[in-house]
Amino acid sequence: MPGPCRLLLGENASVPEWLHGRTRGIGGSEVAALLGVSPYATSWDVFKSKVSGDGTPVFVGEEPVPGPKIRAELLTDNPIFEWGHRLEDAVALKTADELDLVARSGGGLWQHVDHPLAIVTPDRVGTKRRSWKPECLIECKTSGDAEPWDVGEAPIQYQVQAQWQMGITGITPCYLGCFVLGFEREFYIVRVDFDEQWFNEMVEIAEDFWAKHVLTNEIPEHDYTHPRTAEILKELHPTVIQEAVQLPDEALEWVETYLKAKVTVKRAEEYLAEAKNWLAFHVGDAGAGYLGDDKVVSWPEVHQRRISATVLRERFPQIADECTVTSTHRRMTVRRPKPAAPSN
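Here the residue numbering is sequential within each chain, running from 1 through the sequence in written order. Given that this is a predicted model, residues contribute local features only at a pLDDT of at least 70 and side-chain atom pairs are listed and counted only at 80 or more, while totals for whole chains, interfaces and linings are drawn from all residues. Values shown for side chains rest on all heavy atoms present in the structure; no hydrogens or waters enter the calculation.

Colleague: Looking at this structure, I do not really get the overall build of the protein. What am I missing?
Modeller: Runs of E in the DSSP output that reach at least two residues are strands. Runs of H or I that reach at least four are helices, and both are numbered from the N terminus. Each helix and strand counted, the protein has eleven helices and ten strands in total. Radius of gyration here is computed from C-alpha atoms only, and the compact-globule reference equals 2.2 Å multiplied by the residue count raised to the power 0.38. The C-alpha atoms of the protein give a radius of gyration of 26 Å, which is well past the 20 Å a tight globule of 344 residues would have. Principal-axis analysis of the C-alpha atoms gives the protein an extent of 75 × 65 × 55 Å. For the exposure calls, accessible area comes from a 1.4 Å probe over protein chains only, and a residue counts as buried if that area is under 20% of its type's maximum, exposed if over 50%, partly exposed in between. Sorting the 344 residues of the protein into buried and exposed places 33% on the buried side. Note on contacts: a residue pair qualifies if any of its non-hydrogen atoms lie within 4.5 Å across the two residues. Within the protein, counting contacts between residues at least 6 apart in sequence, those at least 24 apart form 66% of the total. Each accessible area is a Shrake-Rupley estimate made with a 1.4 Å probe; only the visible protein chains count as cover when residues are assessed. As displayed, the protein has an accessible area near 23800 Å², and 53% of this comes from carbon and sulfur atoms.

Colleague: Help me understand the environment of Gly36, please; the structure alone is not making it clear to me.
Modeller: By secondary structure assignment, the location of Gly36 is in the loop between α2 (28-34) and α3 (43-50). Here Gly36 falls in the partly exposed class, since its relative accessible area comes to 43%. Through-space distance from the C-alpha of Gly36 to that of Asn12 is 32 Å; in sequence the pair is 24 residues apart.

Colleague: Would you take a moment to explain unusual backbone geometry for this structure?
Modeller: Cis rather than trans, the peptide bond between Glu147 and Pro148 has omega equal to 0°. Within the element layout of this structure, Pro148 appears in the loop between β6 (134-143) and α6 (156-169). Each neighbour pair has its own omega, and for Thr172 with Pro173 the value is -5°, a cis peptide bond. One can find Pro173 in the loop between α6 and β7 (174-180). Although it is not a glycine, Arg185 sits at a positive phi angle of roughly 55°. You can see Arg185 is positioned in the loop between β7 and β8 (187-192).

Colleague: What should I look at first to understand the layout of surface pockets in this one?
Modeller: To find the voids left in a structure, one rolls a probe of water-molecule size over its atoms. Method remark: on a 1 Å grid restricted to protein atoms, a set of points is classed as a cavity if a 1.4 Å probe fits but cannot get out and as a pocket if it is open with protein on both sides within 12 Å along at least five of seven lines; lining residues have an atom within 4 Å of a point. Grid points are joined across faces, edges and corners, and a volume is the space filled by probe spheres set on the points. Here the second largest pocket is characterised by a volume of approximately 2000 Å³. The wall of the second largest pocket is formed by 33 residues, among which Leu233, Leu247, Arg330, Met332 and Val334 lie closest to the centre. Only α8 (227-236) and α9 (251-283) provide two or more residues apiece to the lining of the second largest pocket. Just so you know the grouping, Ala, Val, Leu, Ile, Met, Phe, Trp, Tyr, Cys and Pro go in nonpolar, Asp, Glu, Lys and Arg go in charged, and all remaining residues, Gly too, go in polar. Split into classes, the residues belonging to the lining of the second largest pocket amount to 17 nonpolar, eleven polar and five charged.

Colleague: Even after reading the chapter, I still don't get a negative patch on the surface, so can you show me in this structure?
Modeller: Residues Asp195, Glu196, Glu201, Glu204 and Glu207 make up a contiguous surface patch of negative charge. Position of Glu201 among the secondary structure elements: in helix α7 (residues 196-214). By relative accessible area, which is 39% here, Glu201 ends up partly exposed. Only residues above 30% relative accessible area that lack a salt bridge enter a patch, with like-charged residues linked at up to 9 Å and the nonpolar side chains Val, Leu, Ile, Met, Phe, Trp and Tyr linked at up to 5 Å. A pairing counts as a salt bridge when a side-chain nitrogen of Lys or Arg comes within 4 Å of a carboxyl oxygen of Asp or Glu. Positive charges come from Lys and Arg alone, negative charges from Asp and Glu alone, with His and the N- and C-terminal ends not counted. In plain terms, the charge of a residue is placed at NZ if it is Lys, CZ if Arg, CG if Asp and CD if Glu.

Colleague: So what exactly am I meant to see when it comes to the sheet that holds strand β5 (residues 124-127) here?
Modeller: The strands making up a sheet are joined through hydrogen bonds of the backbone, oriented either antiparallel or parallel. Spatially, β2-β5-β6-β7-β8 is the arrangement adopted by the five strands of the open sheet, whose pairing is mixed. For this open sheet the edge positions go to β2 (102-105) and β8, each flanked by a neighbour on one side alone. Neighbour-to-neighbour, the strand axes of the sheet open up by a mean angle of 35°, direction not taken into account. Note on pairing: DSSP must find at least two bridges between two strands before they are called paired. In the sheet, β5 pairs with β6 via four bridges, with the strands oriented antiparallel. Each bridged residue has a counterpart across the sheet, and for Gly126 the counterpart in β6 is Cys136. The strands touched by helix α5 (residues 88-99) are β2, β5, β6, β7 and β8; relative to β6, the strand with the most contacts, the crossing angle is about 130°. A fitted line through C-alpha atoms serves as each axis, taken over the contacting stretch for helices, and the angle formed by two N-to-C directions is quoted from 0 to 180°. Helix-sheet contacts for α6 involve β6, β7 and β8, and the interaxial angle to β6 is about 155°.

Colleague: Is there a simple way to think about the side chain of Gln111 in this case?
Modeller: Within the secondary structure layout, Gln111 lies in strand β3 (residues 108-112). Here a polar contact means two N or O atoms within 3.5 Å. Within protein one must be a hydrogen donor candidate and the other an acceptor candidate, and residues neighboring in sequence count only if both atoms are side-chain atoms. Of the polar contacts made by the side chain of Gln111, one reaches the side chain of Arg6; its length is 2.8 Å. The contacts of Gln111, once residues within four sequence positions are left out, are Pro4, Cys5, Arg6, Leu8, Pro116, Ala118, Ile119 and Ile168.

Colleague: Mind showing me how you'd approach α8 here?
Modeller: Given 3.6 residues per helical turn, the α-helix brings residues three or four places apart onto the same face. Every buried residue of α8 is accounted for by Arg228, Thr229 and Ile232. Summarising the axial view, the buried residues of α8 lie within an arc of 100°, below the 170-degree limit, and thus occupy one face. The outward face of α8, more than 90 degrees from its buried face, is lined by the exposed residues Pro227 and Lys234. Those residues of α8 hidden inside the fold are in contact with α3. Picture the helix axis, draw a direction to every C-beta atom, and the arc is the one those directions span.

Colleague: Explain the packing of aromatic side chains to me, please; I cannot follow it from the model alone.
Modeller: Given two aromatic rings, their pairing is described by the distance between the two centres and the angle made by the two planes. Centres within 6.5 Å make a pair out of two Phe, Tyr or Trp rings, where for Trp the six-membered ring is used; the pair is then stacked when the planes are under 30 degrees apart, edge-to-face when over 60, and tilted otherwise. On inspection of all chains with the given rule, the structure shows four aromatic pairs. Through a chain of ring-to-ring contacts, three or more aromatic side chains come together here, namely Trp164, Phe194 and Phe199. A ring is considered to have a charge above it if a Lys NZ or an Arg CZ atom is located within 6 Å of its centre and within 35 degrees of its normal. Sitting over the face of the ring of Trp132, Arg104 holds its NZ or CZ atom 4.0 Å from the ring centroid.

Colleague: What am I meant to see in the nonpolar core here?
Modeller: Nonpolar side chains tend toward joint burial in soluble globular proteins. With 24 residues, the main nonpolar core has Ile26, Val31, Leu34, Val46, Trp164, Ile168 and Phe209 as its most contacted residues. Considering each element in turn, this core owes the most residues, seven residues, to α7. The contact partners of Trp164, leaving out residues within four places of it in the chain, are Ile26, Gly27, Gly28, Val31, Ala118, Ile119, Val120, Phe199, Met202, Val203 and Ala206. Grouping buried Ala, Val, Leu, Ile, Met, Phe, Trp, Tyr and Cys residues that are joined through side-chain atoms within 4.5 Å yields what is termed a nonpolar core. Among the nonpolar cores identified, the runner-up in size contains 16 residues, and Val125, Ala154, Leu176 and Val180 belong to it.

Colleague: Quick question: what am I supposed to make of the pattern of salt bridges here?
Modeller: Any two side chains of opposite charge can pair, on the condition that their charged atoms come close. Using the criterion set out here, one finds 14 salt bridges in the structure. Among the salt bridges present, the one from Glu256 reaches Arg336, with a minimum N-O distance of 2.9 Å. In this pair, Glu256 is assigned in helix α9 and Arg336 in the segment after α11 (317-323), connecting sequence segments 80 residues apart. With a closest N to O distance of 2.9 Å, Asp321 and Arg313 form a salt bridge. One connected set of salt bridges, linked through shared partners, spans Asp45, Arg228, Glu231 and Glu235.

Written out as structure tokens, the structure is:
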């Protein structure tokens, strides 16, 4: 494979070797997290994957013992990631067919020669038939939604991943093939051309993150707007350990922000309920509502079966007790501080 890169691990490396190799730098999906554009991870997730419990970088230590290779789809409990792996071959083949190319293996884990922290695992390399000369990179994606693929664009996190791969391997362009798992079984291909300035900015951010956080064990600041952050904070603080803490002075501003946002959400919920009720009144006992030829409201019957806890406890109290579990969660309430007493 041409370009300013070298092979760190071949595609047949064992899982321990593979996981260890990924700790040596920043991959394509991870740089998207550092840029704040990944919907699945934040810089904190990247930090935790690179730093061990004793505060030292994970890559420091003995090399892992080679073992059997395990298929990637078996290493996750997330169905989104699992089916993304399972359908990778089909997406690669379809993309290559549309481009009149052959989809060949990405080869393994590659590392930029001048920027060793930049590592990447390409899905596929596109070549002409009877040739091994790279013509492009092929990234394989699946989605439950055609947007924004249907207007010729790819989600920003995949554009970042494509730039990272092209910058490391030296192979351009990168084609993102996406199979939309809907009724229409739509398939889209988006071409991404290399932007050297953007790639250099990504490298700078990755190297800065590594120096300031991984090598120093300095926890990065949380992205409080990211949907993953709430899960992270629950993982970090699942139970109450101490009775109370003294908050910093800027907490007053956050308290006001919280309370004002609650009022805004309540009003939005009232508007939502008003619109929903108006539409329900006009749809009535129909299953859908149309404006001309366009169906704008769908209101079908939905049947579901569930166990009634009330009936179960009345008829089979012993079984109900045996099946009852206690869950624990933390409930936050926020209120304004009391006004300061007037001075004499």
